[in-house]
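Coordinate analysis (summary)
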Amino acid sequence: MQRFLVLGAFGYDTNQLDGQTVKTRNVFRLLQENHAGRVDTFDTIHVRKNPFSLFKLLWYLLRCNTLIIIPCLNNLTVVFPVTYYLSKIFRYDIIHICIGGWQVEYFKGNERFEPHPLQLKLSKKIKAFMPEMVRVDNDLKAELGFTNTEMFPNFRFMTSDAQQMETTSETLRLVFLARVDKNKGYDTIFNFAKEIEQNHYNVTVDFYGPINEVDKDEFLALVERYHSCVNYKGVLQQDEVVGHLTQYDVMLLPTTIYTEGFPGSVLDAYMAGIPVIATEWKHSHEFIDDEKTGFIIPFDDCQQEFNKKILSLYNDRVMLSEMKKRSFQRRTQYSDKTAWSVLSKYL
């Protein structure tokens, strides 16, 4: 019987719920539901509390046939090289599933990263290196000489009989669902909230997601300041997300993180059948069809266009309805079946 080990941040002990933990849990579930082999897991977050758990990791590596590693920045730098050299002793394959869109910059080096020649060399030798984006996949091949890559999409589990819920409301209901962090652009949303109050627009904004501790006081003060149209509604478990999002009209993501990968916010919006208004981060055009499944606004100085695009949907509900339909149609590209069709080739 084939044995697999999924190594990454699951976050069960800490109740951490973000793009990294959701994807790690989904890859584990994908294997459980589609492959007959045994699937073990190791939560890298747990090591911070219990360093002795590394002995358990060593035992899993000794027994596994394939390691599926889903590393964050620190784990790619430190853990991945160790697991690579151990694979030569214990004779297991390695599949690296990427989170985010920063891998090329990480390997080459830029203003954010030092170059990482060792990790680059080893990544080109494993069985499969799987970025989230077509553009990253192409750049890895063209700029860095990878021959073992294939794009593995961020994905969600979905049922074939899912139907889009058509909602009718005079209120335009906006939603933000992500880590509540200033880098995700919440200040842009609150600037629009000021417009809502001043002009008495029939618009509401609800925030969902864990709050970054550094931004907590400022964010909650802004929620209180604009309480007539803005609410913070806490953290949703992944199985609750789509059901809640169907109550809304538009997802907001004015991120200031240029190397965002495939944000779960966009994916969840498509699963629920609502369009997205997002800044033009590096990979935005790969995931948002501008003026079809949402609007892409300038990455810098976006406030005017952000306000304008929201108000265009507020004033034109026919356009909003058409965008919702196209967003719902886009969801099939990011289903568990699509993800499995890629991953299964390497198992």
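A short tour of the structure in this document, coming up. Every chain is numbered independently, its residues counted from 1 as its sequence is written. With pLDDT at 70 or above as the cut-off, local features in this predicted model cover only qualifying residues; side-chain atom pairs require 80 or more to be listed or tallied, and sums for whole chains, interfaces and linings still use all residues. Think of the side-chain values as coming from all heavy atoms in the structure, minus any hydrogens and water.

**Notes on the pairing of strand β3 (residues 66-70)**
The criterion, for reference: Here's how the labels work: a residue is buried when its accessible area is under 20% of the maximum for its type, exposed when over 50%, partly exposed in between, all with a 1.4 Å probe on protein chains only. Numbering goes from the N terminus for both helices and strands, where a helix is a DSSP run of H or I of at least four residues and a strand is a run of E of at least two. The criterion for strand pairing is that DSSP finds at least two bridges linking the strands in question. When the strands point away from the viewer, a crossover counts as right-handed if the route from the first strand across the helix to the second turns clockwise.
Within β3, five of the five residues are buried, which leaves the element mostly enclosed by the surrounding structure. Along β3, one buried face is formed by Thr66, Ile68 and Ile70 and the opposite face, lined by Leu67 and Ile69, is buried too. As paired elements, strand β1 (residues 3-8) and β3 share five bridges and run parallel to each other. Residue pairing for β3: leucine 7 is matched across the bridge by isoleucine 69. Here β3 pairs with strand β4 (residues 93-97) via four bridges, running parallel. The residue of β4 that forms the bridge with threonine 66 is aspartate 93. Each parallel crossover has a hand, and for β3 linked through helix α4 (residues 73-90) to β4 it is right-handed.

**Remarks on the side chain of aspartate 215**
The line we're drawing: Only four residue types enter the tally: Lys and Arg on the positive side, Asp and Glu on the negative side; His and the chain ends are excluded. Within this document, salt bridges are pairs made up of a side-chain nitrogen of Lys or Arg and a carboxyl oxygen of Asp or Glu, the two lying within 4 Å of each other.
Topologically, aspartate 215 is positioned in the loop between β7 (203-208) and α9 (216-225). For the buried aspartate 215, no salt bridge is present, and the opposite-charge side chain at shortest range is lysine 182, 6.1 Å distant.

**So, helix α3 (residues 54-63)**
Residues spaced three or four apart along an α-helix point in a common direction, a consequence of the helix completing one turn every 3.6 residues. Using the following cut-off: The directions considered for the arc run from the helix axis to the C-beta atoms. Residue contacts are counted whenever heavy atoms from the two residues lie within 4.5 Å of one another.
Among all positions of α3, only Leu57, Tyr60 and Leu61 are buried. Down the axis of α3, the sector holding all buried residues measures 100°, keeping them to one side. Where the residues of α3 are buried, they touch β1, β2 (38-43), β3 and α4.

**A word on the pairing of β4**
The element β4 is largely enclosed, with a buried count of four among its five residues. Bridging between β4 and strand β5 (residues 128-130) involves three bridges; their strand directions are parallel. Looking across to β5, one finds that isoleucine 97 is bridged to methionine 130.

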